[in-house]
Amino acid sequence: MSLYLKYVEEIESRKKDLGLAPKPIDSADLLAEIIEQIKDTSHAYREDSLNFFIYNTLPGTTSAAGEKAKFLKEIILGEETVAEISAEFAFELLSHMKGGPSVEVLLDLALSDDAAVAVPAAEVLKTQVFLYEADTDRLEAAFKDGNAIAKEILESYANAEFFTKLPDIEEKIEVVTYIAGEGDISTDLLSPGHQAHSRADRELHGQCMITPEAQQEIVELQKKHPTAKVMLIAEKGTMGVGSSRMSGVNNVALWAGKQASPYVPFINIAPVVAGTNGIAPIFLTTVDVTGGIGLDLKNWVKKLDADGNVVTDENGDPVLEEAYSVATGTVLTIDTKAKKLCNGDKELVDVSSAFTAQKVEFMKAGGSYAVTFGKKLQTFAAETLGVKPASVYAASKEISHEGQGLTAVEKIFNRNAVGVASETPLHAGSNVRVKVNIVGSQDTTGPMTCQELEAMAASVISPSVDGAYQSGCHTASVWDSKAQANIPKLMAFMNKFGLITARDPKGVYHAMTDVIHKVLNDITVDDRAIIIGGDSHTRMSKGVAFGADSGTVAIALATGESAMPIPESVKVTFKGNMQGHMDFRDVVHATQAQMLKQFGGENVFQGRIIEVHIGTLMADQAFTFTDWSAEMKAKASICISNNETLIKSIELAKSRIQIMINKGMDNEAGMLAGLIELADARIAGIQSGEQPALAPDDNAKYYAEVLIDLDSISEPMIADPDVNNEDVSKRYTHDVIRPVSYYGDKAVDLGFVGSCMVHKGDMQIIAQMLRNIEKQNGKVEFKAPLVVAPPTYNIVDELKAEGDWEVLEKYSGFVFDDANPKAAARTKYDNILYLERPGCNLCMGNQEKAEPGDTVIATSTRLFQGRVVADTAEKKGESLLGSTPLVVLSTVLGRFPTMDEYKAAVEGIDLTRFAPPTESMTTKYDSEQAVPVKVVG
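What comes next is a walk through the structure. Please read these numbers as outputs of a predicted model, since none were measured by experiment.

Moving on to the overall build of the chain. What the chain contains, in helices and strands, is 31 helices and 33 strands. Expected size for 937 residues packed as a compact globule is a radius of gyration near 30 Å; at 28 Å, the chain falls within 12% of this value. In the chain, which comprises 937 residues, the share counted as buried stands at 59%. At a minimum sequence separation of 6, the contacts of the chain that also span at least 24 residues come to 73%. With the model as given, the accessible surface of the chain reaches about 35200 Å², and the carbon-plus-sulfur share is 49%. Of the side chains in the chain, 89 bear a positive and 130 a negative charge, and the two mean positions are spaced by 2 Å.

This is the structure:
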């Protein structure tokens, strides 16, 4: 059967079974067959073939795009004749193909001797921004050879006409409100984790946003208000917490945005989203990628008494009152010039934060990528012509306060800044381009990152990136048909692109399903690095790491850069002593609780960097804090370590990188070997005293300073989804932190130790607890299932060498087998210990899940509704989060323990120890050293 007829079969199946349109074409072989049918004027499928060619072929560097560009070139040159596609229409189609093969064809035509095609080709080229070195080299060479068209194109680029000739954004944008949910809205609502396998199939994945009923309500609002855009709102909460999830924004844009190009299906842009407490930082980045608008509504405010004091409820939480209504169906106007949200003539709230000069540029250009590439293209053209680039884009915001020291994040940004004009140090609020050192792509967003790279015509990783890794952890627990279809294709693409990949497309090394954050934490060998990763928990304990959407990951891989404001910081220090029966996870949870108490319920971490003075805690253990900072709604976190600890952490990272090299995972460019060289250089710099461990200046300025009292932490602390809170806006927020005694003898249905929140020490704790329980009771019996998923194979190997893995196996009823991985997810659990494959497992919720309605106690980070455990009609599922020893003991007992039981169970076990640093963790401010380093870019 021909490829076309197979495609027709797939179309019928999609339509019949799923109610979907034909899947967009990315295959050159299929499109070549379609082109042959177009050429045959009597062919039975010619009309459909024309529609597929024009309207259903993916752009960029897909192999299909290459075939399409080649055929359009033949039409323009008159080598082929298609009545329905004139030369003019062919040029229009090329203009919508983004880059790669289409730009190559346009350059062929523009630089030819045939003025009839060179001139219109040049006009199209002037609108394009996705040019790479191969393209700009051709333009530069032609210009130097005296080609007038090349000069004309370069002059247009130097003036950024690809941007200036675009229409400005509308001054008045009418919106109609839709309450998507009350309280914080996680990206799971917009793009559920269990539907991760379909993210690259945009139309299919769009069916999972919120509910089918909600989708229909949005459609009805659009019909009722045809001139308005539907604005999705998190009422009394923050929009887009939890994950970066580009697929969430894609889904919102699919239902409530606009089509980016009439010739590219299901790629929509410019959605409008809002929240009472604004948009989560990592989600807001994805909104910028699509040229969308994200509003901070502030429509619920703290109630004040007659004396101006905040009124609180019986729980001590501030009472909120409605400042104005955004009930579903309310028609409002966004005044983009005045930067106000209005109801008729009445101003409701200032929304200027959504309309900074940079964000307006993203909106005008149809997304942040076009601005990023446009700036690079303008710089290239101006340098080639020997002129100054036209002042078109908003100048990078460079803020410097004389005599003020730098926070840790300010030092990192100054060190990595690209193209900075300032001769003085930059402080928070500055908006700059920075070099990205480490990039991570994970396996459920990876297929989208591949699409983004193809769409921006990128074919190889930027040479300025020190290290990049493609994981396999989010699909590790079940090697099902979906994983088997998606993951090998993903690994092959990323391996060819230049990343270190968890699975080897050539089959040389053993598949590695290590949790991506742990790998990135190991390959980060410089505490001054900037890391971008396709997951909200990209929060390393060395350097500063930002969880990002699939598109921002793509831009970092392709360009080695990212653009963002320097965030404000919050300083976290500790006092007192950690009690012997407490785990560091309890300190992490207590930090959140004490912060909220200290600041009257205001989350001072939200949208900021947490600089935690960790001192002597190794990077593996400190990661527990930085990882949780995503749940604190922080933008990122930085660990301030002393020199000796940092060296130990880098040495450990080196050893793990060497293991990857020994397995055969290094690529032709020697990326892993290069990281070891960088690690050695960093250690040498610390030892010599020339480049000590990163620390803020003693007169750095913080948004807030939080002091955590370790003495007051006397019980295991649990993050509770509070599923039965009468105020639905207070459910699933990660902000309810309670001591274990609160729960009495509450039953536990399942326990989970795993995900990125645990390290080798947690596995050792489990083994020691099992030994103790056997010694006390003569045997170990579980009254609830316990699922254990080590974070990495390195940890498994080390536990095997040291004897602890043998103990875990002894008490387990299931041990993972890489030679015969599970092909289906569990739906029922026995009261045994499950030793699962390294990876995310239950935390991800896309493969394994607890039984609906269960009460789960987990070391995970996720307590969102339906993520780890679904609800039943009779009972809401609960995902409570706590420390490893608490989880283990709860499954042995089948309930939460008393404090006496807990203390007895952990007696003699060396839990994760932490003590506040005794020495100062700051440096003396030196204005000479604070001058920004100019990275060439």
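Counting residues in each nonpolar core, the largest one holds 270 residues, and the members touching the most others are Phe53, Ile85, Leu232, Tyr469, Leu557 and Phe605. The greatest single-element share of this core, amounting to eight residues, is contributed by helix 17 (residues 368–385). In this structure Phe53 touches Leu31, Ile34, Ile35, Ile38, Lys68, Phe71, Leu72 and Ile85, once residues within four positions along its chain are discounted. Counting 20 residues, the second-largest nonpolar core is a separate cluster that includes Met231, Leu348, Ala354 and Phe355.

Let us look at a nonpolar patch on the surface. A cluster of nonpolar side chains, namely Met1, Leu5 and Tyr45, defines an oily patch on the protein surface of about 290 Å² accessible area. Mapped onto the elements of the fold, Tyr45 is located in the loop between helix 2 (28–39) and helix 3 (46–55). Tyr45 gets classed as partly exposed once you look at its relative accessible area, which sits at 32%.

We now examine the environment of Lys298. Along the chain, Lys298 falls in the loop between strand 8 (293–296) and strand 9 (300–302). We classify Lys298 as partly exposed; its relative accessible area is 43%. Once you skip the residues sitting within four places of it in the chain, Lys298 turns out to touch Gly275, Thr276, Ala323, Tyr324 and Val349. A distance of 3.3 Å separates the side chain of Lys298 from the side chain of Asp296, its partner in a polar contact.

Notably, Ala160 is not glycine yet its phi reads approximately 55°, a positive angle. For Ala160, the location among the structural elements is in the loop between helix 9 (148–158) and helix 10 (161–164). Residue Ala160 is classed as buried on the basis of its relative accessible area of 0%. A positive phi angle, near 50°, is found at Asp722, a position not held by glycine. Here Asp722 lies in the loop between strand 26 (717–719) and strand 27 (737–739).

This part covers the packing of aromatic side chains. According to the stated counting rule, one finds 20 aromatic pairs in the structure shown. Plain terms: the ring middles of Tyr157 and Phe162 are 5.9 Å apart, the flat faces sit at 55° to each other, and that makes the pair tilted. Relative accessible area serves as the criterion here: at 0%, Tyr157 is assigned to the buried category. An aromatic cluster of at least three residues, connected via ring pairs, comprises Tyr4, Tyr7, Tyr45 and Phe52. The aromatic ring of Tyr393 is capped on one face by Lys375, whose charged end is 5.6 Å from the ring centroid.

Within the structure shown, the criterion is met by zero disulfides. Sulfur of Cys208: no disulfide; nearest cysteine sulfur belongs to Cys843 and is 18 Å away. For Cys208, a relative accessible area of 13% puts it in the buried group. No disulfide involves Cys843; its nearest neighbouring cysteine sulfur is the one of Cys756, lying 5.8 Å away.

Let us now look at helix 15 (residues 281–289). Most of helix 15 sits inside the fold, with seven of its nine residues counted as buried. Here helix 15 has its buried residues at Pro281, Ile282, Phe283, Thr286, Val287, Asp288 and Val289. Following helix 15 by one or two positions, Gly291 adopts a phi angle in the positive range, close to 65°.

Right, let's talk about the pattern of salt bridges for a bit. Across all of its chains, the model carries 58 salt bridges by this definition. As a salt-bridge pair, Arg14 and Asp201 come within 2.7 Å of each other at their nearest N and O atoms. One end of the pair, Arg14, is in helix 1 (residues 3–18); the other, Asp201, is in the loop between helix 11 (187–190) and helix 12 (202–206), with 187 residues separating them in the sequence. Each member of the pair, Arg14 as well as Asp201, is classed as buried. Between Glu798 and Arg656 there is a salt bridge, with its nearest N and O atoms 4.0 Å apart. With Glu798 in helix 28 (residues 793–802) and Arg656 in helix 25 (residues 643–662), this residue pair connects regions lying 142 residues apart in the sequence. Judged by relative accessible area, Arg656 falls into the buried class, the value being 5%. When salt bridges that share partners are traced, they join Asp522, Asp620, Arg656, Lys760, Glu798 and Glu802 into one network.

For the rest of this paragraph, the subject is the sheet that holds strand 11 (residues 331–335). Here seven strands make up an open sheet; going across it, the order is 8-7-3-1-11-12-13 and the pairing mixed. If you trace the sheet from one side to the other, it starts and ends with strand 8 and strand 13 (346–350), each paired once. Across the sheet, the mean angle from the axis of one strand to that of its neighbour is 35°, orientation sign disregarded. Taken together, the seven bridges between strand 1 (residues 172–182) and strand 3 (residues 229–235) define a ladder with parallel strand orientation. Bridged to Val176 within strand 3 is Val230. Across the sheet, helix 13 (residues 212–224) lies against strand 1 and strand 3, angled at about 160° from strand 1, the strand it touches most.

One open sheet holds the three strands; their spatial order is 14-15-21, and the pairing between them is antiparallel. Pairing within the sheet leaves two strands with one partner each, and these edge strands are strand 14 (417–418) and strand 21 (561–565). Looking at chain direction, strand 15 (residues 431–435) and strand 21 are connected through five bridges and run antiparallel. Bridging from a neighbouring strand, Asn431 pairs with Pro565 of strand 21.

Thresholds applied
- Residues numbered from 1 in each chain as written.
- Predicted model: local features only at pLDDT ≥ 70, side-chain atom pairs only at ≥ 80, totals over all residues.
- Heavy atoms only, no water.
- Helix = DSSP H or I, 4+ residues; strand = E, 2+ residues; numbered from the N terminus.
- Rg over C-alpha atoms; globule rule 2.2 N^0.38 Å.
- Buried < 20%, exposed > 50% of the residue type's maximum accessible area, 1.4 Å probe, protein only.
- Contact = heavy atoms within 4.5 Å.
- Areas by Shrake-Rupley, 256 points an atom, 1.4 Å probe, with all protein chains shown as cover.
- Lys, Arg positive; Asp, Glu negative; His and termini not counted.
- Charge placed at Lys NZ, Arg CZ, Asp CG, Glu CD.
- Core = buried A, V, L, I, M, F, W, Y, C linked by side-chain atoms within 4.5 Å.
- Patch = residues over 30% accessible without salt bridge, like charges linked within 9 Å, V, L, I, M, F, W, Y side chains within 5 Å.
- Salt bridge = Lys/Arg side-chain N within 4 Å of Asp/Glu carboxyl O.
- Polar contact = N/O pair within 3.5 Å; in protein donor to acceptor, adjacent residues only side chain to side chain.
- Phe/Tyr/Trp six-rings, centres within 6.5 Å; stacked < 30°, edge-to-face > 60°.
- Lys NZ or Arg CZ within 6 Å of the ring centre and 35° of its normal.
- Disulfide = S-S within 2.5 Å.
- Pairing = 2+ DSSP bridges.
- Axes fitted to C-alpha atoms, helices over the stretch in contact; angles between N-to-C directions.

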